[in-house]
Amino acid sequence: MNTTSIQLHINGEQIADSVEDRISLADYLRHQRHLTGTHLGCEHGVCGACTVLVDGRSARSCLMLAAQADGRQVCTVESLARDGELHPLQEAFWNRHGLQCGFCTPGILMTLEELLREDPAPDEAAIRTALSGNLCRCTGYQNIVAAALEAAAHMRTPGAATL
């Protein structure tokens with residue numbers, strides 16, 4: 001078993017660790033860091049359930065090796081809530097019933113966090129385009145889009161929480 005030493009920031013925390021060369025970032029986050037909000041669905045990069053932010057950009061953590069994250073910043077869904085307060089996206093998902101089983105939700109939330117950071121006032125078409133790489137078998141996306149629009153409006157107000 002070959003291992004590599006890595007240093008990275010995960011959800012704002014500086015981490016130094018040793019990882020198997022072949023372990024995916026998703027498996028590392030779930031099994032070594034116990035950040036189980038990152039879900040594994042297809043393990044082929046198609047479903048989007050494993051989406052995290054790497055240096056602020058969405059990435060499929062099932063396709064990325066943990067060793068490739070060396071020196072980078074990784075944000076998982078666990079980074080959204082702060083001091084016991086839900087992130088506006090999480091709150092909007094709650095308000096608008098934007099989730100059902102919840103399996104796809106962490107990846108969708110991270111995808112939307114990136115979108116709203118880059119485009120604070122997206123329209124429905126922009127939201128649907130951003131979500132085109134995230135599969136949800138339960139909701140039909142309508143409530144997810146409504147939640148994203150609500151969160152965007154809230155986040156544009158002064159003093160609203162953002163990452």
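Keep in mind the model is a prediction, meaning the values are calculated, not measured. (Residues numbered from 1 in each chain as written. Predicted model: local features only at pLDDT ≥ 70, side-chain atom pairs only at ≥ 80, totals over all residues. Heavy atoms only, no water.)

Describe the nonpolar core, listing the residues and the values that go with them.
Phe93, Ile108, Leu112, Ile127 and Ile144 are the most contacted members of the largest nonpolar core, which has 23 residues in total. Of all elements in the fold, only helix 2 (88–96), helix 3 (105–118) and helix 5 (142–155) reach the threshold of two or more residues within this core. The element that contributes the greatest number of residues to this core is helix 5, accounting for seven residues. Once residues lying within four places of it in the same chain are set aside, the contact partners of isoleucine 144 are Phe93, Gly98, Ile108, Leu112, Leu131, Cys136 and Thr139. (Core = buried A, V, L, I, M, F, W, Y, C linked by side-chain atoms within 4.5 Å. Buried < 20%, exposed > 50% of the residue type's maximum accessible area, 1.4 Å probe, protein only. Helix = DSSP H or I, 4+ residues; strand = E, 2+ residues; numbered from the N terminus. Contact = heavy atoms within 4.5 Å.)

Report on the side chain of threonine 38, specifying residues and quantitative values.
Relative to the assigned elements, threonine 38 resides in the loop between helix 1 (25–32) and strand 3 (51–54). In this structure, threonine 38 is in contact with Ala26, Leu29, Arg30, Cys50, Val52, Ser61, Thr76 and Glu78, ignoring residues within four places of it in sequence.

Run through the pairing of strand 3, naming residues and quoting values.
Residues Thr51 and Leu53 of strand 3 are buried on one face, and the alternating residues Val52 and Val54, pointing to the opposite face, are buried as well. For strand 3 and strand 4 (residues 57–60), the ladder comprises four bridges, and the chain directions are antiparallel. The residue of strand 4 that forms the bridge with valine 54 is arginine 57. The turn joining strand 3 and strand 4, which pair antiparallel and follow one another in sequence, is formed by two residues; a positive phi near 55° is taken by aspartate 55. Relative to strand 5 (residues 73–75), strand 3 runs antiparallel, the two being bridged by two bridges. (Pairing = 2+ DSSP bridges.)

Residue-level account of the environment of alanine 16, with values.
Mapped onto the fold, alanine 16 is located in strand 2 (residues 13–20). A relative accessible area of 60% means that alanine 16 is categorised as exposed. The spatial distance from the C-alpha of alanine 16 to the C-alpha of aspartate 70 is 9.2 Å, given a sequence separation of 54 residues. Once residues within four sequence positions are removed from consideration, alanine 16 is found in contact with Ile6 and Gln7.

Go over the pattern of salt bridges with me, naming the residues and quoting the values.
The full count for this structure, using the stated rule, is eight salt bridges. In this structure, glutamate 150 and arginine 96 form a salt bridge, with 2.6 Å as the shortest nitrogen-oxygen distance. Pair noted here: glutamate 150 is in helix 5 and arginine 96 is in helix 2, with a separation of 54 residues, a long-range link. Taking the shortest distance from any N to any O, the salt bridge between arginine 117 and glutamate 113 comes out at 3.1 Å. (Salt bridge = Lys/Arg side-chain N within 4 Å of Asp/Glu carboxyl O.)

With reference to specific residues and values, describe helix 2.
Taken together, the buried positions of helix 2 are Pro88, Leu89, Gln90, Ala92 and Phe93. Of the residues trailing helix 2, histidine 97 is marked for its positive phi of about 55°.

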